[in-house]
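Geometric and topological summary
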Amino acid sequence: RLWDSVERHVVDLTQVLRKMSLNGLPVSQAKLDEMKVDLTTQQAERIEALQDMVDDSLKPVHPKKGYKKVPKDTTGMKLIRVMDAVKENGEVIIKEVERWAKVLPFNPESPSQVSAYCKSKRYRLGTNRYTKRETTDEATLRRLIRKRNDAVLIKTLEVRQLTKVLGTYINGWTPCTDGLVHAMPGFCGKMFRISLRRPNLCATIADKDEEAVAKGF
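So, here's what we can say about the structure.

What follows is about the overall build of the protein. Regarding its fold elements, the protein presents six helices and nine strands. At 25 Å, the protein has a C-alpha radius of gyration far larger than the 17 Å of a compact globule built from 217 residues. Counting only C-alpha atoms, the protein reaches 85 × 40 × 40 Å along its principal axes. Of all 217 residues assigned to the protein, the portion counted as buried reaches 33%.

Following this line, the structure appears as structure tokens:
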């Protein structure tokens, strides 16, 4: 009978999973900290390298409409042309003005900045199947890397992967005061499969061929 199967594979198994959760899984906080330093360093190196690879014209500026007064020191700045309200002959008008603005670092995790870079190279972006909007998701970056072998996109993808590893597999696996992680068991998803969450013990890194990202997992 259907209910007998439910009792065996859900009700009875839940008791086993709960016991597993209480027992916990030992995780070394010292090793996590060591790996966090290593991966954070790798990420910082890639972000720093990208700054020399991406033209300043594609980097964000602050403030967006530039400084209204000329700064005393314009080191690290550039002139931009923006439309803004200015006062002329006692009247406020909208006109194009040239101002100094601080150049900010290129952020490889910013979809808009990566999209601007791709468009400057005339690359065809992918389309999100749900929103139907342009996307710079992993599938798009991998396709462009295969076709263009673009060093900027290679490092951009690596930075994003490192962020995923740091968030999910380093910060997400922080043990409790007993030195153990106690994942929450359950049956989730459309397939009602066994799941262990917070952290997700059933998940592994897919990019095993990329040593720098999957190192240590």
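Strands sit in the order 2-4-3 across an open sheet of three strands; the sheet is antiparallel. On the outer flanks of this sheet lie strand 2 (61–67) and strand 3 (77–88), each paired with one strand and no other. With direction set aside, neighbouring strand axes in the sheet form an average angle of 30 degrees. Bridge count for strand 3 against strand 4 (residues 91–103) is 12 bridges, and the pairing is antiparallel. Each residue of the ladder has a partner; that of L79, found in strand 4, is W100.

Glancing now at the pairing of strand 9 (residues 193–197). Strand direction decides the pairing type here: strand 8 (residues 184–188) and strand 9, joined by five bridges, are antiparallel. When the sheet's bridge partners are listed, P185 is paired in strand 9 with L196. Adjacent in sequence and paired antiparallel, strand 8 and strand 9 are bridged by four residues, among which G189 carries a positive phi angle near 80 degrees.

Here K78 lies in strand 3. No salt bridge forms around the buried K78; measuring N to O, its nearest opposite-charge neighbour D55 is 6.5 Å away. There is a polar contact of 2.8 Å between the side chain of K78 and the backbone oxygen of D56.

This part covers the nonpolar core. Core analysis: the biggest nonpolar cluster contains 14 residues, and V114, Y117, C118, Y123 and L153 have the highest contact counts within it. Put simply, the parts of the chain that give this core at least two residues each are helix 3 (111–120), helix 4 (138–148) and helix 5 (151–170). Excluding residues within four positions of it along the chain, Y123 makes contact with Y117, C118, L144, R148, D150 and L153. Counting residues in each nonpolar core, the second largest holds 10 residues, with V27, L32, I170 and V181 among its members.

At 3.6 residues per turn, the α-helix brings residues three or four places apart onto the same side. Compared with the 36 Å implied by 1.5 Å per residue over 25 residues, the 36 Å span of helix 2 (residues 29–53) between its first and last C-alpha is a close match. Residues of helix 2 that are buried include every one of L32, L39, Q42, Q43, R46, L50 and Q51, and no others.

The geometry of helix 3 relative to helix 5 is characterised by a closest axis approach of 11 Å and an angle of 165 degrees between their N-to-C directions. For the element pair helix 3 / helix 5, the angle class is roughly antiparallel. Judged by the twist between their axes, the crossing of helix 3 over helix 5 is left-handed. Along its contact with helix 3, which presents P111, V114, Y117 and C118, the element helix 5 presents V152, L153, T156 and R160.

So, about unusual backbone geometry. That bond from H62 to P63 is cis: its omega, -10 degrees, falls within 30 degrees of zero. On the secondary structure map, P63 appears in strand 2. Notably, R122 is not glycine yet its phi reads approximately 60 degrees, a positive angle. On the secondary structure map, R122 appears in the loop between helix 3 and strand 5 (126–127).

The subject of this paragraph is the pattern of salt bridges. Enumeration according to the criterion identifies nine salt bridges in this entry. The salt bridge involving K95 is made with E88; its shortest N-O contact spans 2.8 Å. Under the relative-accessibility criterion, E88 is labelled partly exposed at 33%. A salt bridge links K119 to E134; the shortest N-O distance between them is 3.0 Å. Highlighted residues: K119 in helix 3 and E134 in strand 6 (residues 134–135), separated in sequence by 15 residues. What makes K119 partly exposed here is its relative accessible area of 47%. Overlapping salt bridges, with partners in common, bring together K65, D84 and R99 in one network.

Criteria and cut-off values
Residues numbered from 1 in each chain as written. Predicted model: local features only at pLDDT ≥ 70, side-chain atom pairs only at ≥ 80, totals over all residues. Heavy atoms only, no water. Helix = DSSP H or I, 4+ residues; strand = E, 2+ residues; numbered from the N terminus. Rg over C-alpha atoms; globule rule 2.2 N^0.38 Å. Buried < 20%, exposed > 50% of the residue type's maximum accessible area, 1.4 Å probe, protein only. Pairing = 2+ DSSP bridges. Axes fitted to C-alpha atoms, helices over the stretch in contact; angles between N-to-C directions. Lys, Arg positive; Asp, Glu negative; His and termini not counted. Salt bridge = Lys/Arg side-chain N within 4 Å of Asp/Glu carboxyl O. Polar contact = N/O pair within 3.5 Å; in protein donor to acceptor, adjacent residues only side chain to side chain. Core = buried A, V, L, I, M, F, W, Y, C linked by side-chain atoms within 4.5 Å. Contact = heavy atoms within 4.5 Å. Expected span 1.5 Å × (residues − 1). Parallel < 35°, antiparallel > 145°, perpendicular 65-115°, else oblique. Left-handed = near helix turned anticlockwise from the far one by under 90°.

Take it as geometry only, folks, not as evidence of what the structure does.
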